[in-house]
Amino acid sequence: MSYKTILVHIAPGTRCIVRLDLAIKLAMEYDASLVALHASSPFLTQVCIIAKMGQEVIADQKKAATELIAKTEEQLRKHTSSLGFENIEWLSSIDEPLDAMCERAKYADLVVIGQSDPSDDPGTLLDFPQKLILSAGRPVLILPKNGSFSTVGKNIIVAWNASREATRAVTDAIPLLKRAENVHVMTVDSGNSEHERFPCTDIANYLAKHGVNVDLHRSPDGQIDVGNELLSRAADMSADLIVMGGYGHSRFREWVLGGATRTILESMTIPVLMSH
């Protein structure tokens, strides 16, 4: 198993170059094709308001969005060429970014996006990361809105609770886990899982068959929630990646996230790979 096609989300903003650089680095490491999709909408407002806008105004906004896409792509093409990377396909969409990314994710092994940051990327909805994680059907690598990342995947923390989502995340992350120098499997005893009463030797044995040796860590149920416990451990271990399940469901057309997922997406300090 390897990553052969990587999809990266392109949008206006200074942080776009950070995730593009990481996506290029991963593509080069895995000899993968890179698809750069500029998915950003000029209409991040209610449909009823859009309906009241004149056709001329709508046409002008679409034209401005198209021109911005062309300008951004030109700048990023020059950047990728300066890095000597040519195995990249450029695509664009001014429709709903979530729909565009989910459609293209069907044909990718890994999706790279950024943490929500309205000050940097006004053309993407605030809940874009969580919706994409829960809808794409692919592992999503999210980069924090602050900081730079010279290494990603050398020292990995895997959040394990034997759930379906965690199982998907571990399996989806195997290419990264096999290349890591250190892999720490961490469980937090919350009292909610029967599996927590036993050492996580099963997942360690499973990964060992893939050539991944792990260190097991158990954290007793403490005073802080699971998400903050993960972030605290990541800092203590100087981890450069967290692998975890993305938990949530749709209720009355709104996305309801699990507590740890919400905490990580709001407060992440290092890249996180999530699968649902």
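Everything numeric in this text was worked out from a predicted model, so none of it was measured.

### Some remarks on the pattern of salt bridges
Here is step 1: Considering all chains together, one arrives at seven salt bridges under this definition.
Here is step 2: Note that Glu74 is salt-bridged to Lys78, the shortest N-O span being 3.9 Å. Taken as a pair, Glu74 and Lys78 lie in helix H3 (residues 55-82) at a separation of four residues, close to a single helical turn.
Here is step 3: Among the residues examined, Lys78 registers a relative accessible area of 57% and is labelled exposed.
Here is step 4: Notably, a salt bridge pairs Glu103 with Lys106, separated by 2.9 Å at the nearest N-O pair.

### Some words on empty space enclosed by the protein
If a probe the size of a water molecule is rolled over the atoms, the empty space left behind becomes visible.
Here is step 1: Taken as a whole and judged by the stated rule, the model has three cavities of 30 Å³ or more.
Here is step 2: Lining the second largest cavity, in full, are Ile10, Ala36, Leu37, His38, Ile69, Glu73, Trp90 and Leu91.
Here is step 3: Going through the elements one at a time, strand E2 (33-39), H3 and strand E3 (88-93) are the ones with two or more residues in the lining of the second largest cavity.
Here is step 4: The element contributing the most residues to the lining of the second largest cavity is E2, with three residues.

### Re a positive patch on the surface
Here is step 1: On the surface, Lys4, Lys25, Lys154 and Arg179 cluster together into a patch of positive charge.
Here is step 2: With respect to the element layout, Lys25 can be found in helix H1 (residues 16-29).
Here is step 3: A relative accessible area of 32% places Lys25 in the partly exposed class.

### Let's talk about the side chain of Thr261
Here is step 1: Topologically, Thr261 is positioned in helix H10 (residues 259-267).
Here is step 2: Ignoring sequence-local partners within four residues, the contact set of Thr261 consists of Met244, Gly245, Gly246, Tyr247 and Met274.

### Brief notes about the environment of Gly147
Here is step 1: Looking at the secondary structure, you find Gly147 in the loop between strand E5 (140-143) and strand E6 (155-159).
Here is step 2: Relative accessible area serves as the criterion here: at 42%, Gly147 is assigned to the partly exposed category.

### Quick notes on the sheet that holds E5
Here is step 1: Strand order in the open sheet made by the 10 strands is E3-E2-E1-E4-E5-E12-E9-E6-E7-E8, with mixed pairing throughout. Every interior strand has two partners, whereas the edge strands, E3 and strand E8 (215-219), have only one. Neighbour-to-neighbour, the strand axes of the sheet open up by a mean angle of 20°, direction not taken into account.
Here is step 2: Here strand E1 (residues 5-10) pairs with E2 via six bridges, running parallel. Residue Val8 lies in a different strand from E2, and its bridge partner there is Ala36.
Here is step 3: Each of E1, E2, E3 and strand E4 (110-114) is contacted by helix H4 (residues 97-105), which is oriented at about 165° to E2, the strand it contacts most.

### Considering the packing of helix H9 (residues 226-236) against H10
Here is step 1: Contact geometry for H9 and H10: axes closest at 7 Å, N-to-C directions at 45°. When the axes of H9 and H10 are compared, the pair comes out oblique. On H10, the residues touching Val226, Gly227, Asn228, Leu230 and Leu231 of H9 are Ala260, Thr263, Ile264 and Ser267.
Here is step 2: Of the residues assigned to the contact of H9 with H10, the class counts are five nonpolar, four polar and no charged.

### Points about the nonpolar core
Here is step 1: Judged by nonpolar contacts, the single largest core of 47 residues is most densely connected at Ile6, Leu34, Leu141, Leu177, Leu207 and Leu273.
Here is step 2: When residues in this core are grouped by element, the largest group, seven residues, is from H1.
Here is step 3: For Ile6, the residues in contact, after removing those within four places along its chain, are Ala23, Leu26, Ala27, Ala32, Ser33, Leu34, Val35, Leu110 and Val112.
Here is step 4: Within the second largest apolar cluster, 36 residues are counted, among which are Val35, Ala136, Ala159 and Met274.

### A word on the packing of aromatic side chains
The relative placement of two aromatic rings is captured by the distance of their centres and the angle of their planes.
Here is step 1: Under the definition given, this model contains one aromatic pair.
Here is step 2: Geometrically, the ring pair formed by Tyr3 and Tyr30 is edge-to-face, given 5.2 Å between the ring centres and 70° between the ring planes. In this pair, Tyr3 sits in the segment before E1 while Tyr30 sits in the loop between H1 and E2, placing the two residues 27 residues apart along the sequence. The exposure classification of Tyr3 matches that of Tyr30, with both residues buried.

### Some points on H1
Here is step 1: A rise of 1.5 Å per residue sets the reference length of H1, with its 14 residues, at 20 Å; its end C-alpha atoms lie 20 Å apart and thus fit the reference within 8%.
Here is step 2: Note on H1: the residue one or two positions beyond its end, Asp31, has a positive phi of about 50°.

### Let's talk about the environment of Gln75
Here is step 1: Structurally, Gln75 is set in helix H3.
Here is step 2: Classification of Gln75 by relative accessible area gives partly exposed; the value is 47%.
Here is step 3: Put simply, Gln75 and Ile17 are 58 residues apart on the chain and 9.9 Å apart in space, counted from C-alpha to C-alpha.

Thresholds, definitions, all that
- Residues numbered from 1 in each chain as written.
- Predicted model: local features only at pLDDT ≥ 70, side-chain atom pairs only at ≥ 80, totals over all residues.
- Heavy atoms only, no water.
- Salt bridge = Lys/Arg side-chain N within 4 Å of Asp/Glu carboxyl O.
- Helix = DSSP H or I, 4+ residues; strand = E, 2+ residues; numbered from the N terminus.
- Buried < 20%, exposed > 50% of the residue type's maximum accessible area, 1.4 Å probe, protein only.
- 1 Å grid on protein atoms, 1.4 Å probe; cavity = no way out; pocket = protein on both sides within 12 Å on 5 of 7 lines; lining within 4 Å.
- Points joined across faces, edges and corners; volume = space filled by probe spheres on them.
- Patch = residues over 30% accessible without salt bridge, like charges linked within 9 Å, V, L, I, M, F, W, Y side chains within 5 Å.
- Areas by Shrake-Rupley, 256 points an atom, 1.4 Å probe, with all protein chains shown as cover.
- Lys, Arg positive; Asp, Glu negative; His and termini not counted.
- Charge placed at Lys NZ, Arg CZ, Asp CG, Glu CD.
- Contact = heavy atoms within 4.5 Å.
- Pairing = 2+ DSSP bridges.
- Axes fitted to C-alpha atoms, helices over the stretch in contact; angles between N-to-C directions.
- Parallel < 35°, antiparallel > 145°, perpendicular 65-115°, else oblique.
- Nonpolar A, V, L, I, M, F, W, Y, C, P; charged D, E, K, R; others polar.
- Core = buried A, V, L, I, M, F, W, Y, C linked by side-chain atoms within 4.5 Å.
- Phe/Tyr/Trp six-rings, centres within 6.5 Å; stacked < 30°, edge-to-face > 60°.
- Expected span 1.5 Å × (residues − 1).

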